[in-house]
Amino acid sequence: MPQNADERRSFLHVRALMATTGEGLVAIGPDGDIRVFNETAEEMLGKNRGEVVGKLYTVLEQPKIEAVIEHLLRPRAHKEPRIVRVMVDERVLSATVAPYDCSGSRAAVVTIRDDSALESYRRRAEAILASTGDGLIVFDPEDIVTYMNPAAITLAGLNPKQFLGKRSHLWQMLSMTPEDSFDPPVDGSQVREVRLEDPEHRILDVRTDPVLDESGGYLGFVATLHDVTAERDVGQMKNEFVSTVSHELRTPLTSIKGYIDLILDGEAGEINEIQREFLSIVKQNSDRLVELINDMLDISRIESGRIHLKIQPLEMADLIAGAVDTFQAVADQSGHKIIAKAPMDLPKAAGDRDRVGQVLMNFMSNAIKYSPEGGSVTVAAKADGDMVTVSISDQGIGIAKDDQAKLFTKFYRVDSSLTREIGGTGLGLSICKSIIDLLGGKVGVKSSAGKGSTFWFSLPMASQNLVRTPGLEGSGVAGGTVLVVDRDPEIANLVETYLVKQGYDVVKAHTADEAMQKAIEAHPRVITLDVMLNDGDGFDLLQRLKDQPETAEIPVLVLSIVCDEGRSCRLGASEYLEKPINKDRLTQIVDNLVGSVSSPVVLVVDDDRNIVDLLCRNLKAKGFSVLAAYDGAEAMAALRKQHPDLILLDLQMPVMDGYQVIERVKTDPTTKDIPIVVMTAHQIDRSRIDILGLANQRVDKPFSAEDLARKVEALLQNMEAPE
Ligand code: ADP
């Protein structure tokens, strides 16, 4: 005890402090002797000060704490404090053992805190987390897994020993590929669907959220695993059911619709007015049924992710003009005026031509349908930031605010006597929204009851790199033999009728073997094939046809009620058409296919659509097949797919000009022999005259398309004639 009065006072002061603090304090000298042991330490460790002060620290009888002290007292031991947890009399104590310097030697001080309350709180929290049905995995900022609840362990089939306390990646734990993985969620949540097959089939919605402290500091992240297997499987079953039922309905409908059309076309002899009227009603209703089935199939396809989207740059003005044409007759009849507005310099949008056309037509058809008083329907397109927006406005019955929010959901129809009278399924808008969502755009409506509506959709602008792949159009020369393969004789007869009318000879087959035999015997110019056959899979037949040298070159058009475009094309089908058969599409495709085999192919490249159209028409009339490209990039895309016999090329074009095309074609060994005829307008680029020299011929604009077609003919004949 200090002798000096001041020192004594301060010593007593410290003692009083130590006695009242809520933490236990034990100081150990360099030799391991206990020098300080306060009242709280007495109470916590159950020892008397008198028993321990001056003795070696082992009298504490706390092996875990003693081990750390022993380590700390070594001269070269680490200097960081260590925390150990010990249980004494049902209490959880947390002891911090820290080194301190005692006249140049290493000594230790132990502070002991009672963590019982905290510990029971922690246990309770852990019990709550353990009893939730969702899996939880907690990561610290260094990606070390600090906690996983039992649900996470069972749902994802994880072995805690393998991951707990170790640096791990969530994607590894969930057997995902790194590409499908999550970014560390520093500033936002992410949700992914993860499919696991091991230890059993499971679909999990996995959500990651950052864990932040009060001041926004990043403490790591937590992953929540929610089991959605049952929901998804039921959803899938429902989709499969809808899809199967719809397909089953389609087969008989194909016959009904087709034969009614034939009777109405007079193919079964004269019919009287009453018969015509009744049949027209049957036709209208079968059309409605087809529409409804198509809508349901569309929905099940979209929901199960089986929709094929071909994204390409879209000239919205063209699409609108096409839709206006389609509706003109209907509008004239119902007293509507259709107004189209699109600026000349509207950038191209990125989308699937058929699907965007479907959305546009759906909105236009609604605008006419829900404006019983007539009035104008305005279709306008404009650029809007990096999107292209199309709006369809009408002056019809309008929609109340409350209904607007629900319009885009399945089967929703405004409930009013007016809409009931007009009739519909309530599926159209929901399909439109799903399609536009898939294409990365948005849909919306602005309306007030009684004052008309404006529906709109937007699509992202097409980037420079997006290139349209031109399709091959056959020559105008039709005729020859077509082999029609369908297990259903009625449908085969129907297709036969359509084709015979177009000037073809038809051979029919109902089984795969018969089809194979007739394909070899008759050597048809085109085969139409339904992939559902009685004696085997039509895809196998397709494969056999493509493997056999005698039949490999015959173009096959797959006609199917199953949505299998991807598989058909992979196996070598040239075209794909869905049932019920659209007569005009069928004959058009067959004409194209027949034309494309028998005639030389010319690739026409010009950014002036009128010139391209004119040339195509003249070339087709002369028996050529054509590929139409509107810039150099499209021409190169066409060349990757087809080997044309000749290229007609404009020089000044956007994206990639004619000089670049010549250079690429003539330096590539696979294309360098394709003759190029350059169509020049005015001045040529002197600095690139060398490149121009690689082209085979030049014609100056303006030219007569007919003359040019004749020139092409002569040029190709010369090439065929031996030198
Ligand atoms: P359907 O027209 O077959 O009922 P849609 O999904 O196309 O199905 O439309 C859903 C509902 O939205 C319609 O029933 C109608 O109540 C409302 N609606 C759609 N377009 C318009 C419009 N242009 N004007 C007024 N109401 C509309």
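Residues numbered from 1 in each chain as written. Predicted model: local features only at pLDDT ≥ 70, side-chain atom pairs only at ≥ 80, totals over all residues. Heavy atoms only, no water.

Okay, the pairing of strand S6 (residues 135-139) next. Most of S6 sits out of view: four of its five residues are buried. With three bridges connecting them, S6 and strand S7 (residues 145-148) associate as antiparallel partners. If you follow Val138 over to S7, its bridge partner there is Tyr147. (Buried < 20%, exposed > 50% of the residue type's maximum accessible area, 1.4 Å probe, protein only. Helix = DSSP H or I, 4+ residues; strand = E, 2+ residues; numbered from the N terminus. Pairing = 2+ DSSP bridges.)

Moving on, we get to the domain arrangement of the chain. For the chain, the assigned domains read domain 1 (5-114), domain 2 (118-227), domain 3 (232-304), domain 4 (311-460), domain 5 (472-597) and domain 6 (600-720). For domain 1 and domain 6, the distance between their C-alpha centroids amounts to 93 Å. (Domains from an automatic or database assignment.)

Let us look at helix H10 (residues 273-303). Taking 1.5 Å of rise per residue, 31 residues should cover 45 Å, and H10 covers 45 Å from first to last C-alpha, within 8% of that figure. By the burial criterion, the buried members of H10 are Leu279, Ser286, Val290, Ile293, Asp295, Leu297, Asp298, Ile299, Ser300, Arg301 and Ile302. Those residues of H10 that are buried lie in contact with helix H9 (229-264), helix H12 (353-369), helix H15 (428-438) and strand S25 (575-578). With a side-chain oxygen positioned 3.1 Å from the backbone nitrogen of Ile274, the residue opening H10 is Asn272. (Expected span 1.5 Å × (residues − 1). Contact = heavy atoms within 4.5 Å. Polar contact = N/O pair within 3.5 Å; in protein donor to acceptor, adjacent residues only side chain to side chain.)

Taken together, 22 residues surround the ligand, and among them Asn366, Tyr370, Arg413, Thr425 and Leu429 come closest. Between a nitrogen atom of the ligand and a side-chain N or O atom of Asp394, the distance comes to 2.8 Å. Within the complex, 97% of the 530 Å² of free accessible area of the ligand lies under protein. Secondary structure elements with two or more residues in the shell around the ligand: H12, H15 and strand S17 (453-460). Residue contributions to the shell around the ligand peak at four residues, all from H12. Residues that form the shell around the ligand fall into these classes: ten nonpolar, nine polar and three charged. (Near = heavy atom within 4 Å. Areas by Shrake-Rupley, 256 points an atom, 1.4 Å probe, with all protein chains shown as cover. Nonpolar A, V, L, I, M, F, W, Y, C, P; charged D, E, K, R; others polar.)

With that out of the way, let us pick up the sheet that holds strand S16 (residues 442-447). Picture the strands of a sheet paired through backbone hydrogen bonds; they go either parallel or antiparallel. Pairing in this open sheet of five strands is mixed, and the strands run S12-S14-S15-S17-S16 from one edge to the other. On the outer flanks of this sheet lie strand S12 (336-341) and S16, each paired with one strand and no other. Taken pair by pair, the neighbouring strands of this sheet meet at an average axis angle of 15°, ignoring direction. Bridge count between S16 and S17: six bridges; the pairing is antiparallel. (Axes fitted to C-alpha atoms, helices over the stretch in contact; angles between N-to-C directions.)

So, on to the packing of H9 against helix H16 (residues 489-501). Packing of H9 against H16 leaves a shortest axis separation of 10 Å and a crossing angle of 35°. Between H9 and H16 lies a crossing whose hand is left-handed. On the side of H9, the interface is formed by Thr251, Thr254, Ser255, Gly258, Tyr259 and Leu262, while H16 contributes Glu490, Ile491, Asn493, Leu494, Thr497 and Tyr498. Tallied by class, residues from the contact of H9 with H16 come to five nonpolar, six polar and one charged. (Left-handed = near helix turned anticlockwise from the far one by under 90°.)

Bringing the nonpolar core into the picture now. Core analysis: the largest hydrophobic core is formed by 42 residues, its most contacted members being Met316, Leu360, Phe363, Met364, Val390, Ile392 and Phe457. At the level of elements, H10, helix H11 (316-334), H12, strand S14 (375-384), strand S15 (387-393), H15, S16 and S17 are the ones that each hand at least two residues to this core. Not counting the four nearest positions on each side in its chain, Leu360 is found in contact with Leu319, Ile320, Ala323, Val379, Val390, Ile392 and Phe457. Ranked by size, the runner-up nonpolar core spans 25 residues in total, among them Ala635, Leu651, Ile676 and Ile684. (Core = buried A, V, L, I, M, F, W, Y, C linked by side-chain atoms within 4.5 Å.)

A separate point is unusual backbone geometry. Even without a glycine there, the phi angle at Glu90 is positive, about 70°. Of the residues examined, Glu90 reaches a relative accessible area of 75% and is grouped as exposed. If you check the backbone angles, Ser103 has positive phi at about 45° while not being a glycine.

Okay, the environment of Ile256 next. Mapped onto the fold, Ile256 is located in helix H9. The spatial distance from the C-alpha of Ile256 to the C-alpha of Lys283 is 8.6 Å, given a sequence separation of 27 residues.

This structure, assessed with the given rule, holds four aromatic pairs. Taking 6.1 Å as the distance between ring centres and 40° as the angle between the ring planes, the aromatic pair formed by Phe363 and Phe457 counts as tilted. With Phe363 in helix H12 and Phe457 in strand S17, this pair connects stretches of sequence that are 94 residues apart. Here Phe457 falls in the buried class, since its relative accessible area comes to 0%. Taken together, the aromatic side chains of Phe363, Phe408, Phe455 and Phe457 make up a single cluster linked through ring pairs. Directly above the aromatic system of Tyr630 lies the positively charged group of Arg609, at a separation of 3.8 Å from the ring centroid. (Phe/Tyr/Trp six-rings, centres within 6.5 Å; stacked < 30°, edge-to-face > 60°. Lys NZ or Arg CZ within 6 Å of the ring centre and 35° of its normal.)

Before going further, it helps to spend a moment on a nonpolar patch on the surface. A cluster of nonpolar side chains, namely Phe241, Val245 and Leu249, defines an oily patch on the protein surface of about 270 Å² accessible area. Within the element layout of this structure, Leu249 appears in helix H9. The class for Leu249 is partly exposed, based on a relative accessible area of 41%. (Patch = residues over 30% accessible without salt bridge, like charges linked within 9 Å, V, L, I, M, F, W, Y side chains within 5 Å. Salt bridge = Lys/Arg side-chain N within 4 Å of Asp/Glu carboxyl O.)

This next bit is on the confidence of the model for the chain. Per-chain confidence: the chain averages 85 in pLDDT, with 93% of residues scoring 70 or above. Least confident of the elements in the chain is helix H19 (residues 565-570), whose mean pLDDT is 61; most confident is S15, at 96. (pLDDT = per-residue confidence, 0-100.)

This brings us to the pattern of salt bridges. Applying the stated rule across the entire model yields 38 salt bridges. As a salt-bridge pair, Arg232 and Glu193 come within 2.2 Å of each other at their nearest N and O atoms. Taken together, the residues span a long stretch of sequence, with Arg232 in helix H9 and Glu193 in strand S8 (residues 190-196) at a distance of 39 residues. Given the relative accessible area of 28%, Arg232 is considered partly exposed. The residue Asp298 makes a salt bridge to Arg355 at a minimum N-O spacing of 3.1 Å.

Bringing the sheet that holds S8 into the picture now. Across the sheet, five strands lie side by side as S7-S6-S10-S9-S8; this open sheet has antiparallel pairing. Both edges of this open sheet fall to S7 and S8, since each of them pairs with a single strand only. Along the sheet, successive strands turn relative to each other by an average axial angle of 20°, direction set aside. Summarising the sheet, S8 and strand S9 (residues 202-212) pair through seven bridges and their orientation is antiparallel. Following the sheet pairing, Val191 is matched in S9 by Arg207. Along the sheet, H9 contacts S8, S9 and strand S10 (218-227); its crossing angle with S9, the most-contacted strand, is approximately 135°.

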